[in-house]
Amino acid sequence: MPTISLAEAEELVASALERSRTARDNARAVAKALVLAEADGIRTHGLLRTAFYAAQAKAGKVDGFAVPGVTTKRPGVAVIDANNGFAYPAINLALSLLPKMAAANGIAAAGIGRSHHCGAVGHHAERLADAGLVALFFANGPAAMAPWGGRAAVFGTNPIAFACPLEGREPIVVDLSLSKVARGNVMAAAKKGEPIPEGWALDEEGRPTTDANAALAGTMVPLGDAKGTALALMVELLAAGMTGSNFAAEASSYFDAEGPPSMTGQFIIAMDLSAFASGVERFAVLARSIEEQDGARLPGMRRYGLRRRAAAEGIAVSEALLAEIKSL
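Residues numbered from 1 in each chain as written. Predicted model: local features only at pLDDT ≥ 70, side-chain atom pairs only at ≥ 80, totals over all residues. Heavy atoms only, no water.

Caption draft 1: Inspection of the overall build of the chain at higher detail. Check the secondary structure of the chain and you find 11 helices and 12 strands. Rg of the C-alpha trace for the chain: 19 Å, near the compact-globule value of 20 Å for 328 residues, within the 12% margin. Across its three principal directions, the C-alpha atoms of the chain cover 55 × 45 × 45 Å. Looking at the chain as a whole, 51% of its 328 residues are labelled buried. By sequence separation, contacts in the chain at least 24 residues apart represent 66% of the contacts at least 6 residues apart. If you sum the accessible surface of the chain, you get close to 14800 Å²; carbon and sulfur atoms cover 56% of it. Positive and negative side-chain charges in the chain, numbering 31 and 33 respectively, have mean positions lying 2 Å apart. (Helix = DSSP H or I, 4+ residues; strand = E, 2+ residues; numbered from the N terminus. Rg over C-alpha atoms; globule rule 2.2 N^0.38 Å. Buried < 20%, exposed > 50% of the residue type's maximum accessible area, 1.4 Å probe, protein only. Contact = heavy atoms within 4.5 Å. Areas by Shrake-Rupley, 256 points an atom, 1.4 Å probe, with all protein chains shown as cover. Lys, Arg positive; Asp, Glu negative; His and termini not counted. Charge placed at Lys NZ, Arg CZ, Asp CG, Glu CD.)

Caption draft 2: Layout of the pattern of salt bridges. Summed over all chains, the structure comprises 15 salt bridges. With its nearest N and O atoms 3.3 Å apart, the salt bridge here joins Arg28 to Glu11. One end of the pair, Arg28, is in helix H2 (residues 24-39); the other, Glu11, is in helix H1 (residues 6-18), and 17 residues separate them in sequence. Here Arg151 makes a salt bridge to Glu205, at a shortest N to O gap of 3.5 Å. Taken together, the residues Arg151 in the loop between strand E5 (133-139) and strand E6 (160-166) and Glu205 in the loop between strand E8 (201-202) and strand E9 (208-209) connect sequence positions 54 residues apart. By relative accessible area, which is 42% here, Glu205 ends up partly exposed. (Salt bridge = Lys/Arg side-chain N within 4 Å of Asp/Glu carboxyl O.)

Caption draft 3: Geometry of a nonpolar patch on the surface. A surface patch of nonpolar side chains, about 260 Å² in accessible area, is lined by Leu233, Leu237 and Phe247. Note that Phe247 resides in the loop between helix H8 (226-241) and strand E11 (264-272). (Patch = residues over 30% accessible without salt bridge, like charges linked within 9 Å, V, L, I, M, F, W, Y side chains within 5 Å.)

Caption draft 4: Focus on the sheet that holds E11. Here we have seven strands laid out as an open sheet, ordered E2-E3-E4-E11-E5-E6-E7, and mixed in their pairing. Of all the strands in the sheet, the pair left with one neighbour each is strand E2 (69-74) and strand E7 (169-176). This sheet shows a mean twist of 15° between the axes of neighbouring strands, independent of strand direction. As paired strands, E2 and strand E3 (residues 77-81) are joined by four bridges and run antiparallel to one another. Bridge assignment links Val70 to a residue of E3, and that residue is Ile80. The strands touched by helix H5 (residues 121-130) are E5, E6, E7 and E11; relative to E6, the strand with the most contacts, the crossing angle is about 25°. (Pairing = 2+ DSSP bridges. Axes fitted to C-alpha atoms, helices over the stretch in contact; angles between N-to-C directions.)

Shown next as structure tokens:
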């Protein structure tokens, strides 16, 4: 399997998107996000997304030339319109504003509306933690999960992320989907013609299935059963309800070029530690109590190791995926 550097991968993805009706700056923002996910071992949000994004930009389902706009209705709140473009430029705008707003107010929030798939959400929270902030990130997506006891999907897999700084080292990053596994894993299995483990998904009749295609026609099993759907409801209300975006059942798919823009949303909260009673010193106490135990590790640490290795050695990309991206 060929190995390419992270810089080569970014140029490969950015060039493909530029050829697919996307502005250079937007293409580079997307490419950076996809390659970072690939480097961190999150391949469901990595290079394989390139073809989906490119097809949607070509069809106009995503406006590759969109420039996000911002309105500040209150000192600690930014309302951002992604203008039916890719999520990453809008998120970059939010992350450029939130540190100063949080420093001034102690806490700040940004709501992003008319947006799109936002990749590995932990990366966005991590950037705020790198700036010394505590961050929460919520995103909704197209329908994939039914309410507990129901059969019709009304929630996305709705990822959430948390990040906080640690003195002299990488931040703690919690990044999780509210389905038992990311839907991208089911799509990957379907593409390969492979079964999925039982417990990942249900078919259209609400029955457990190991058939990846039946799973895609049905619903994902929520993380923590009823508790997962309660959290998914919370995310829908924050990420879509508060930003004027589409709820999951109103949003078109991230995986094809059919239909109107997805118009999903993201909601970000940033907190300045200096406004509160404690900070990184207390975070370190809990971190040590976890890491002192054999076999235990802090969330996010495995990704950092993979990232360092990818920076030094590059990333392995299949011939088929390289050919697909180059052909776009």
